[in-house]
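The residues making up each chain are set out below.
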Amino acid sequence: MEKKDKIINFEIEYNTNYRNIKYPRLEFRTGKLELILPLKYKNKEKLLEKHSKWIVEKNKLILRALKDSKDKKLEERNEKELRKIVLKYTKKREIRRIFFRKMKSKWASLSSNNNLTVNILLKYLPEELIRYVIFHELTHLKQKRHNEMFWSIISSKFKNYEIKEKDLFIYWFAIQSKKKVTDSGNNRQGTLDKR
Ligand SMILES: [Zn+2]
């Protein structure tokens, strides 16, 4: 049995951005829906309709995260202190270089030549969550993809990793709403995006 959700019956605010890109995408980075459309794109309504189910579900998740984010206290750390923590957890690992920068939709990433990029917004998180994010990236040294093997390595160290993932999601919105994050526009991948 399949039930169809129609975006027409669901009110949601969104921004539209036209860019020189090939394919449209939908994002929920800051909590608000953004349509990123190729220049002269005309099928906006169709696009919304096609992804209405995803939009409604994502919106529900985000509203809950925004609500939960009110109870989260952000750490008062500077960048130097964050660097120290990151170095502690990457010691003796085959990381080539570590970059720190503000990213729009990821906590961290590992490049194919083993350079680690860390989102400086991690400085607001409890150390245990920073450790978890770093461990995630270090696990990519062994396993590139988020497959079963990958998650089994993760769960060998963090048995309750689903809670960590959920917390990261909530903290993301806590930072968005409490710190008025402005982005540097250099990253467009992440679990919050529909591509
Ligand atoms: Zn990953």
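Below, the structure is looked at part by part.

Criteria and thresholds
- Residues numbered from 1 in each chain as written.
- Predicted model: local features only at pLDDT ≥ 70, side-chain atom pairs only at ≥ 80, totals over all residues.
- Axes fitted to C-alpha atoms, helices over the stretch in contact; angles between N-to-C directions.
- Helix = DSSP H or I, 4+ residues; strand = E, 2+ residues; numbered from the N terminus.
- Parallel < 35°, antiparallel > 145°, perpendicular 65-115°, else oblique.
- Left-handed = near helix turned anticlockwise from the far one by under 90°.
- Contact = placed C-beta atoms within 7 Å.
- Nonpolar A, V, L, I, M, F, W, Y, C, P; charged D, E, K, R; others polar.
- Pairing = 2+ DSSP bridges.
- Buried ≥ 20, exposed ≤ 12 C-beta atoms within 10 Å, placed from the backbone.
- Core = buried A, V, L, I, M, F, W, Y, C linked by C-beta atoms within 7 Å.
- Domains from an automatic or database assignment.

Here the focus is the packing of helix α4 (residues 127–139) against helix α5 (residues 148–157). Relative orientation of the contacting elements α4 and α5 amounts to 140 degrees, with a least axis distance of 10 Å. The orientation of α4 relative to α5 falls into the category oblique. For α4 against α5, the interelement crossing comes out right-handed. Of the residues in α5, those touching α4 at Phe-135, His-136 and Thr-139 are Phe-150, Ile-153, Ile-154 and Lys-157. The residue makeup of the contact of α4 with α5, split by class, is four nonpolar, two polar and one charged.

Attention now goes to the sheet that holds strand β4 (residues 98–101). Ordered in space as β4-β6-β5, the three strands form an open sheet in which the pairing is mixed. Strands with a single pairing partner mark the edges of an open sheet, and in this sheet they are β4 and β5 (108–110). Neighbour to neighbour, the strand axes of the sheet diverge by 15 degrees on average, direction disregarded. Judged from the three bridges that link them, β5 and strand β6 (residues 116–119) form a sheet pairing that is antiparallel. Directly across from Leu-110, in β6, lies its bridge partner Leu-116. Lying over the sheet, helix α3 (residues 79–90) contacts β4 and β6, oriented at roughly 150 degrees with respect to β4.

The next subject is unusual backbone geometry. Positioned with a positive phi, Lys-40 is a non-glycine residue whose angle comes to about 65 degrees. When you line up the elements, Lys-40 lands in the loop between β3 (33–38) and α1 (44–50). What makes Lys-40 exposed here is the crowd of 6 C-beta atoms within 10 Å. A positive phi angle, close to 65 degrees, is found at Asn-114, a residue other than glycine.

Counting 25 residues, the largest nonpolar core has Ala-108, Leu-122, Val-133 and Ile-175 as its most contacted members. Looking at this core element by element, the count peaks at five residues for helix α6 (residues 161–179). Three or more residues apiece are contributed to this core by two domains, here domain 1 (7–69) and domain 2 (79–194). Excluding residues that lie within four positions of it along the chain, Leu-122 makes contacts with Leu-82, Trp-107, Ile-130 and Val-133.

Another aspect to go through is the packing of helix α2 (residues 52–69) against α6. Closest axis-to-axis distance for the α2/α6 pair is 8 Å, and the angle between their directions is 70 degrees. Taken as axis vectors, α2 and α6 run roughly perpendicular relative to one another. Contact residues: α2 offers Ile-62, Ala-65, Leu-66, Asp-68 and Ser-69, while α6 offers Phe-169, Ile-170, Phe-173, Ala-174 and Ser-177. Split by residue class, the contact of α2 with α6 holds seven nonpolar, two polar and one charged.

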